[in-house]
Amino acid sequence: MSDIFPICVSPTFIVERSRVTEWHRAYIQNAYRELEGGITRKQLDNLGINANSKRVLDVGCGPGNLLVALSTDTPELLIGVDVDETFLVCGRSHIEKSIDPPSAVPTLFCASLPTLPFADETFDLVTCFLVMPHVPDDSAALTELARVLKPGGTLAVSGHGLGFPLRYLKRFRLKPLQMYLASLIYRCTGRKWIRNTLQNDRKICNILNSIGVVPEMRHYNQKILGCVATYWIKAIKSDTNPKAIQ
Ligand SMILES: C[S@@+](CC[C@H](N)C(=O)[O-])C[C@H]1O[C@@H](n2cnc3c(N)ncnc32)[C@H](O)[C@@H]1O
């Protein structure tokens with residue numbers, strides 16, 4: 001595997017003492033409930049994504065729910081990265097329980113967008129679900145995802161649109177306000193005040209086009225008051241370098 005890890009990352013995942021919060025527990029429980037209910041597989045199917053015989057990277061893999069779904073396609077290589085070690089440590093045991101044979105268990109790394117420890121054009125498929133709200137810079141994150149993708153490879157990203165906070169209106173009145181404010185500040189200043197912003201999926205598509213990753217499918221799994229709650233985009237990295245065209 002040395003060709004995949006040129007940037008000095010040990011393939012051995014080091015389990016450190018982790019701090020598991022109530023939020024982690026609730027997220028993991030819900031993620032694995034959705035996995036068992038077939039919702040995670042459906043998200044991939046809706047985008048026409050299949051990991052069969054591919055080199056696959058899931059960025060912001062959380063507790064590994066998407067990795068488990070991808071593993072059923074028998075990819076050639078399956079790697080998950082996340083910035084949160086707690087998720088990786090907790091996810092590992094869930095992943096091991098859910099995947100058979102053990103040789104199909106993915107490799108997990110702690111890594112953070114916008115810097116991934118992989119060489120250019122390593123993967124056939126890169127998935128990055130519900131991570132865009134948390135990255136420090138949307139363009140930098142998408143550019144890095146595109147960098148590690150082979151020409152002709154598939155990038156699948158999802159995130160939250162303007163309708164997402166409306167789900168929280170009844171329960172947590174401050175949370176929607178905080179998300180709208182954070183998104184407005186990011187739009188005006190380019191800085192994320194809190195890492196939980198909303199994206200305009202058309203803008204995400206524009207960024208993708210500008211870096212030579214062409215969106216071919218976009219769908220929403222929920223609209224609230226006519227506003228997109230969660231968007232899903234599948235895009236293909238073109239064979240031509242967009243910088244060469246300019
Ligand atoms: C809402 S969870 C999504 C988890 C999983 N992809 C899913 O679909 O259920 C967002 C994940 O992104 C991770 N994350 C946040 N910022 C990140 C960054 N800059 N680089 C990598 N992962 C990040 C978080 O730790 C968390 O696990």
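Residues numbered from 1 in each chain as written. Predicted model: local features only at pLDDT ≥ 70, side-chain atom pairs only at ≥ 80, totals over all residues.

Points about helix α6 (residues 174-189)
The end-to-end C-alpha separation of α6 is 22 Å, in line with the 22 Å expected for 16 residues at 1.5 Å each. Within the span of α6, buried status applies to Met 179, Ser 183 and Tyr 186. Projected onto a plane normal to the axis of α6, the buried residues spread over an arc of 60 degrees and lie on a single side. Residues of α6 that are exposed and point over 90 degrees away from its buried face: Leu 174, Cys 188 and Thr 189. Among the residues trailing α6, Gly 190 stands out with phi positive, at a value near 80 degrees. (Helix = DSSP H or I, 4+ residues; strand = E, 2+ residues; numbered from the N terminus. Expected span 1.5 Å × (residues − 1). Buried ≥ 20, exposed ≤ 12 C-beta atoms within 10 Å, placed from the backbone. Arc of directions from axis to C-beta.)

Some thoughts on the site of the ligand
Lining the immediate environment of the ligand, one finds 18 residues, of which Gly 60, Gly 62, Asp 84, Phe 129 and His 134 sit closest. Class assignment for the residues of the shell around the ligand results in 11 nonpolar, five polar and two charged. (Near = placed C-beta within 6 Å. Nonpolar A, V, L, I, M, F, W, Y, C, P; charged D, E, K, R; others polar.)

Details of unusual backbone geometry
Note the cis peptide between Asp 100 and Pro 101, where omega equals 10 degrees. Relative to the elements of secondary structure, Pro 101 occurs in the loop between α4 (85-98) and β3 (107-110). Looking along the chain, the bond that leaves Leu 113 and enters Pro 114 is cis, with omega of 15 degrees. You can see Pro 114 is positioned in the loop between β3 and β4 (123-129). A positive phi angle is found at Glu 121, which is not glycine, with a value near 55 degrees. Within the secondary structure, Glu 121 sits in the loop between β3 and β4. Phi angles above zero are rare outside glycine, and Leu 130 is one such case at about 60 degrees. In this fold, Leu 130 is placed in the loop between β4 and α5 (138-147).

Regarding the pairing of β4
With respect to burial, β4 is a largely interior element, seven of its seven residues being buried. Pairing of strand β1 (residues 55-59) with β4, which is carried by three bridges, proceeds in the parallel orientation. By the bridge assignment, Asp 58 is partnered in β4 with Thr 127. Sheet topology note: the β4/strand β5 (residues 149-160) ladder contains six bridges and is parallel. Across the sheet, the residue bridging to Leu 125 is Thr 154, located in β5. (Pairing = 2+ DSSP bridges.)

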